[in-house]
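The primary structure of each chain is shown beneath.
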Amino acid sequence: MKTSKTNKYLITAVLLGIIFHGTSMFFTVERTYDALIHLFFANHYATSWFEPWSYSWYTGFTVMGYPPLVHQTIGVLSLIGGLKFGMFTVALLGVVLFITGVYRFTKVLIPNEKVAGYAAIMAVFSSCFVETLHIFGQLPSIIGISILMHALPEIYKWLKTGKKIALFKALALLAVTVTSHHVTPIFGMVFFIFPLIGTVIMDAAREQVHSNKEITFSAFAKALWNKLRRIITFGACSLILIIGCILPYWINTKNNPITQVPIPHGSRDNFLEVTSSGLVFFVIPWGILMVFLPYFLYRFYSKRLLFFGFSFSLLFILGTGGTTPIPLKLLGENAFNILTLDRFTLWASIMALPLFGEFCYRFTDGDYKEILQRKWGAIVHRATGGFLAVAFIFMAVFTITLGKFRPSQPDEINMQPIVNFLNEDDHDKWRYLPLGFGDQMAWLSAQTNATTVDGNYHSARRLPELTSRAVERLENSKYRGIEGLGSLQQFLTVPEKFHLKYVFSNDKFYDPLLYFTGWHRLSLLENGITVWEKAGISPLPSILPKDDVPLFQKLMWGIIPFSTVVISIFLYLGSMLFYSYRKKEKKRLYIYENGPETQKGQGWLYGISIFWLGVMIVLASIMVYGIYVEKSVQLTPESVVTAYYDAIDFKEFERAHSYIYPASEKDISQFMLEVSVTDGLLSSYAKMDSIAVTVVDQNESTVKAIAKIKWITPLKEIQTTDTLSITKNKGDWFIVPEEVDPDIPPDQLMFESGTRFFNHGKRKITSEQTFHEDVLKQPVVEVTTAKMIQRDSTFYIVGSIQNVDNIPADIAVTGALYDRDNKEIARYNSQDIVKHKLLPKETTPFLIQFDITYDEEKLYQVPSNFEVQVKANVATTDLYQTVAPSQIDINESQLNGFLFNPSIEAATIPQLLISYYNENKELIWTEAVYIDESVRPQRKRPFSILLEDLELPIVLASHLDNVSINGLPNQSISDKVHPNRNKSGEKEFLLPVDNKPYSFISITTNAYIGNPR
Amino acid sequence: MRKLVSNITFWALIVMTAIIYSCSEKQKIEKTAIAADAFKIVTPIDQVVTKNGIKIKFQSYNNDDFELLEFVVSGTYGTTVLKPQLHQDQLAIHIPEVISQHSGIIEWKLIAGETTLERGSFKLLPNIKQLKTVENYVGPRSIIANERDYTMLVSIPVDSLDNMLPDQTVVQMSKQFKGDITTTTKKIQSGFAWQRIPAPLTTGRLITGSTLQQISSKELVVDIFPDIAVPFKITKSSNHNYADGNEIIILQTDQIKDSHGNIMTDGTLVTFFIKDDHDNSWQTTASTVNGYAFAKALHPQAPSTWTVKGVINGMVESPELNITFKSIIDEIPFSFSENKIVTIGPLTSYLGQLVPDGIPVQLKIDGSEIILKTHNGISTYTFDTKIIEPNTYDIQIKTLGITTTKSIELK
């Protein structure tokens, strides 16, 4: 047995792999993008193996959209030690399979045990593998490619020798690949197996002649003809396997084609423009391998590996994403937008590993060692080797810790309090929505029975609200700007459609949106998550719809994947037994020469490699310099302004303070004090989207800079234009701080008494339905006006509502439009243009906007009738009155005044509902204006609102015929509760406006209190 | 490998056997004619509901054919088919408790194949000797103290098996309001008794309950809330009447009541609309506590007269209240130095004290407007001759409701 000599490299590699990855994965895998999604799927299989329908996400979806093997394996292992045990075990299995896979793959490419051993060791620290496992967490992808690499030698054997056992083994492994990851075998076929077939034919052709030079096209064609039967047999069988093993997947793909609007992914970016994507999807996966590109190309384009050379080049190009237009053209629009292109880079770098192994072998042990030592001397050679090794391992360590330095996920959330909350008092009978959870939302879903409208597997989405938007998840919709928030708003505005009652907020960014769409805070869980609730949502029905699939598909899905593993293991065990009784003989499968012929062109290669190394060093230096320049921002006035706002945006106030002019005598303590008293939409709930700095009247040492900034807030996009004075001091530019408002509030100590409300809910502690005596009467509200109006081609319902009851009300207003045949055209709720919580006798205007999209076939329809339904429930919170509009003065188009806060709560985000009236003092329009900064107790906040030349909308209908309150006709309420309504306070105090299409306006105030006392 | 194959074969065999066996089960029962009088049951009579089921014995039967018999029974909760059972040589049908515990008419039919042998019906009566409780419902749970509004009390007494009691059973329905207890006797009709309770004209809590013999209902409560408010008066309270822009004025209502003298519920919203003689508007709100609403506003910074009205939207409003604010200064101190620095102040208030920080001072020069804020009564501005041409200008200064114009020469 000769193998023992070389196996030590492999054993070293496997042990190193287990130690390196095995210890680090406990700190990384849970924070990756994908691992928890696979965990969620695994939990599904662990609880219902044969049922492909999961209600947990997207109001129900089928798990047949992803090959099940890895998930099922984790699921089975979870029965032993829990889900995470299963995940780590499979990850460890992936590590071992990957290292051994690279070993076996190398042996096909370069039949040298030592080279293969070196390649295996390199595979352990390969940065692309580290990234795929520790940053992306793509377990199925890793298992898939590893098994595919194991299959390659068997395919080679079958094609070369025609041994049937090799064919069976190859097919069995291919089946395992197919059932673990669908994309790997399909593209693997093109990028790994096709070149392998080419190589086999090349070898076969080589055997017929005496030297490489004699392999002509005709010799190659002849060899191809000889092998054609085997190739076709293998091709046909593997096609059957790819289709057959995951047949339900293909059926599902055909029945539910992906209608998702493309969701942006970093791997499709232009890496030169978006450097962060370039780093993650190009620089890191290639890492040190990039330095050896000339060597790889030289070796790949040698005659034997020619086909792998083509494949490698193609993969390399596809991996560059949107940097060049080639990937888009090669893949087509559709595939380009669905696939994530990072996988091509992964495969390309895996394909390069054997050659890297070979290089390392030659460099440390082989011919290069001799050549280089002769050229450079032993010390330089060793030092270079050492440097390369350190750089290679450094790259791996850097990659593994990337998640630590640039966190892509929120901090780990303790899910137990949320799980407990959902289990309590049947809370899981409603849907919930996590916000700001990152990929950990999958971990929550895996632990609870409750279902959510969100989800983390985009291809499975079916709700048009989700598929029509390029939003990754609702949970992180703020990263998709206004479009993302628009999608979230749809769910928050019409939660009854989805039985959505609870929102778990881990990001206070979304809180104002929740407040203004009528949600209220319930409690703060002990893990710091705020629970928001919407009143009056009906629970989920006990039977939910699902797309059922025939029994045979369920059985196939449940049985085949594991069977493929069992069959493979049996086949390998069988052949091991078989071989162990026979005398081992080392048989070369093909002629491999490492004689003088390989030395051809070495001189060229050396020259090019040195040049390339120089290029790489220059590029790396540019990168380092770029990082340095980015750090020293005070070199120009523009960059100091940008950096200042960047620091403010990320709440790094110490850094922001370092850009403040030192002579301004604003020390950090004063600066922080000023920061701590600013609050509001702009300073606490905005995310900077873009900034443009222009410099005006520049001279030697002072500059005026105008910063135009676009902010994304949960409620609207804000554009601010700030003018800053910049001053130069000792070569660096600084910002001269602005003066703070010197206004002093009148009173030091304030007294306030008022009414607060409390509702027990259930008085008796029982999980039975709430008792009759504990059910409160729904408050009686009255719609006083309602109009259906049209503006451009959009329809609205505008009106006003008064709480005529003696108890506070929480209202939800639904509007519906009907055509001439009384068929419903559209239905929506009032979003933020209404006050959702009303004190007794309080009045609010409301506006419902209908976004009707007309397809070409459907004619443009003007609705002829409308309906308003108001649902009122008892409100106990968010009723506090904070701001008083003061000294309001309408000066042509400018509405000026200030908000005074006479209360003892800070009005974090004041909202002004501005209603417009025609000359008859009839309400025709309402809009919401948010004041960007908060109003603290007893302080003033001046505002100035530009009154637009709002054209009068067309009033299509104006009546209260189809208005109902809690299911009762509005008129009956009006007759009973308040038959003698008068005009008090409704018309007398409207503010007159001159020279506008409308004649009067009125202001209703509302405010979000971020930190109630 | 071989073992695996044999295992698979073994399981396949078991499955096959199971399938064949289950198919062979479906033997058809042969139909034989049964004489109409071969079977006769002891006709069940009207009886009280029971938890133990009802056993119906056969008067005559034969032991051979009874398996062909089926007893179809329809009760309040649906229909079911029962099979007679031979137990200790006695053939009997057992009507299960799910049927026997609900009162109502039970229809039954004894059939054999397609022929009906016997049919009939009997009543299951509620058990009036074993009563459980009186279920009460009242609604709406809150009503308004006026002549229009009322609530309704419904009593449903039930027996121990939750059956409603027969008509004409007498229930005592009671209510208590402010110490007055009224008891009405009502007869049950269709299982329940009901009563309308007109709203009392004073606010409070109306408590209801019902009794029947030894059993009673739970206590149910109806809140009586006040009716629409009647006009109220407003007053103001403030420490002084100077327009210094830094004092809180409290606008307050008197106790707001409805036409029957009931005080408004706490939390009722009152809005105060304010207009001044410069065409500016104010708005401030307050919710009532014990009928009183206290709203706060900030004194204006210019001498002015406010006209205030308190309003409950669409319902009532107060008469107007006029408030006059006096100016705190007569003239604006002004100085100009170094040909570019303008100093306004020190501004002093009604006692000669410095005005509070943050009083806005408006400068108008050459069509542009500059707003300054006072620090320790003073605000200064330095003109930059790079921005504004050196020349002689008239500047207009406006603060605390006073405007003056001064001429300056910028150099």
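Residues numbered from 1 in each chain as written. Chains lettered and ligands numbered in written order. Predicted model: local features only at pLDDT ≥ 70, side-chain atom pairs only at ≥ 80, totals over all residues. Heavy atoms only, no water.

Student: Help me get a handle on the overall build of chain B, residues and values and all.
Tutor: Along chain B, the regular secondary structure elements total two helices and 33 strands. A globule of 411 residues ought to have a C-alpha radius of gyration of about 22 Å, yet chain B, at 45 Å, is considerably larger. For the C-alpha atoms alone, the extent of chain B along its principal axes is close to 130 × 85 × 30 Å. Counting every position in chain B, which comprises 411 residues, the buried fraction comes to 44%. The long-range share in chain B, meaning contacts at least 24 apart out of those at least 6 apart in sequence, stands at 57%. About 22,100 Å² of surface is accessible on chain B, with carbon and sulfur atoms providing 51% of the total. (Helix = DSSP H or I, 4+ residues; strand = E, 2+ residues; numbered from the N terminus. Rg over C-alpha atoms; globule rule 2.2 N^0.38 Å. Buried < 20%, exposed > 50% of the residue type's maximum accessible area, 1.4 Å probe, protein only. Contact = heavy atoms within 4.5 Å. Areas by Shrake-Rupley, 256 points an atom, 1.4 Å probe, with all protein chains shown as cover.)

Student: Tell me about the side chain of D149 of chain B, and please be specific about residues and values.
Tutor: Among the structural elements, D149 of chain B can be located in the loop between β11 (142-144) and β12 (150-159). For D149 of chain B, a relative accessible area of 7% puts it in the buried group. A polar contact is formed between the side chain of D149 of chain B and the backbone nitrogen of I144 of chain B, at a distance of 2.8 Å. Those residues within four positions of D149 of chain B in sequence are excluded, and the remaining contacts are K976 of chain A together with I143, I144, P198 and A199 of chain B. (Polar contact = N/O pair within 3.5 Å; in protein donor to acceptor, adjacent residues only side chain to side chain.)

Student: Please provide a residue-by-residue account of the sheet that holds strand β8 (residues 702-712) of chain A, values included.
Tutor: All names here are of chain A. Spatially, the four strands line up as an open sheet ordered β7-β8-β9-β10, and their pairing is antiparallel. Looking along the sheet, the strands with just one partner apiece sit at the ends: β7 (687-696) and β10 (732-736). With strand direction ignored, the average angle separating the axes of adjacent strands in the sheet is 35 degrees. Strand direction decides the pairing type here: β7 and β8, joined by nine bridges, are antiparallel. (Pairing = 2+ DSSP bridges. Axes fitted to C-alpha atoms, helices over the stretch in contact; angles between N-to-C directions.)

Student: Would you mind going over the side chain of K296 of chain B in detail, with residue names and values included?
Tutor: Relative to the elements of secondary structure, K296 of chain B occurs in strand β23 (residues 294-298). Only 3.3 Å separates the side chain of K296 of chain B from the backbone oxygen of F751 of chain A, close enough to count as a polar contact. Among all residues touching K296 of chain B, those that are not within four sequence positions of it are F751 and P902 of chain A together with I248, I249, I250 and T284 of chain B.

Student: So what's going on with the interface of chain B and chain A? Residues and values would help.
Tutor: Between chain B and chain A, the contact holds 52 residues from the first and 53 residues from the second. Summing both partners gives a buried area of about 4,700 Å² for chain B against chain A, and 53% of it is carried by carbon and sulfur. If you look at where chain B meets chain A, you find four salt bridges. Among the ionic pairs, K218 of chain B bridges to E773 of chain A, the shortest N-O distance being 2.5 Å. Where chain B meets chain A, there are 27 residue pairs in polar contact (both at pLDDT 80 or more). Counting residues per element, the side of chain B that touches chain A draws most heavily on strand β22 (residues 281-287) of chain B, which supplies six residues. Its residues assigned to classes, the side of chain B that touches chain A comprises 19 nonpolar, 20 polar and 13 charged. (Buried area = accessible area lost by both parts, 1.4 Å probe. Salt bridge = Lys/Arg side-chain N within 4 Å of Asp/Glu carboxyl O. Nonpolar A, V, L, I, M, F, W, Y, C, P; charged D, E, K, R; others polar.)

Student: Go over the domain arrangement of chain A with me, naming the residues and quoting the values.
Tutor: Residue and element names in this part refer to chain A. Taken as a whole, chain A is organised into domain 1 (3-407 + 555-591), domain 2 (416-533), domain 3 (599-631), domain 4 (632-736) and domain 5 (772-1008). Look at where the C-alpha atoms of domain 2 and domain 5 centre, and you get two points 27 Å apart. Taken together, the contact pairs 15 residues of domain 2 with 18 residues of domain 5. Buried surface at the junction of domain 2 and domain 5, summed over both partners, amounts to about 1,400 Å²; 54% is from carbon and sulfur atoms. Summed over the three residues of domain 2 that lose the most area to domain 5, namely T493, Y515 and F516, the buried surface amounts to 46% of that side. At the surface where domain 2 touches domain 5, the tally comes to one salt bridge. (Domains from an automatic or database assignment.)

Student: Explain the domain arrangement of chain B residue by residue, including any values.
Tutor: Residues and elements named next belong to chain B. Per the domain assignment, the segments of chain B are domain 1 (40-125), domain 2 (131-225), domain 3 (234-325) and domain 4 (334-409). The distance between the C-alpha centroids of domain 3 and domain 4 comes to 35 Å. Counting residues at the interface gives eight residues for domain 3, matched by six residues for domain 4. Together domain 3 and domain 4 conceal approximately 610 Å² of surface at their shared face, both sides included; 66% is due to carbon and sulfur atoms. In terms of surface lost to domain 4, no three residues of domain 3 exceed Y242, D244 and Q301, which account for 65% of the buried area on that side. Summed over the shared surface of domain 3 and domain 4, the number is one residue pair in polar contact (both at pLDDT 80 or more).

Student: Provide a residue-level description of unusual backbone geometry, including the pertinent values.
Tutor: P140 of chain B follows G139 of chain B through a cis peptide bond whose omega is -5 degrees. Inspection of the secondary structure puts P140 of chain B in the loop between β10 (131-139) and β11. The backbone of N966 of chain A shows a phi angle near 50 degrees, a positive value even though the residue is not glycine. Along the chain, N966 of chain A turns up in the loop between β24 (963-965) and β25 (968-969). According to the relative accessible area criterion, N966 of chain A is partly exposed, its value standing at 22%. Located in the positive-phi region is Q213 of chain B, a residue other than glycine, with phi close to 50 degrees. For Q213 of chain B, the position within the fold is in the loop between β16 (204-212) and β17 (215-216).

Student: I'd like to hear about the nonpolar core, residue by residue, with values.
Tutor: All names here are of chain A. Core analysis: the biggest nonpolar cluster contains 229 residues, and W57, F234, F296, F344, I418 and F504 have the highest contact counts within it. At 14 residues, helix α16 (residues 342-364) tops the list of elements feeding residues into this core. Apart from the residues lying within four places of it in its own chain, the contact partners of F296 are L289, F312, A352, L355 and F356. (Core = buried A, V, L, I, M, F, W, Y, C linked by side-chain atoms within 4.5 Å.)

Student: Explain the pairing of strand β29 (residues 360-365) of chain B to me, using residue names and the numbers behind them.
Tutor: Residue and element names in this part refer to chain B. As paired strands, β29 and strand β30 (residues 368-373) are joined by six bridges and run antiparallel to one another. Bridging from a neighbouring strand, L363 pairs with I370 of β30. The turn linking β29 back onto β30 is made up of two residues, and D366 within it adopts a positive phi angle of 50 degrees. Relative to strand β32 (residues 392-399), β29 runs antiparallel, the two sharing four bridges.

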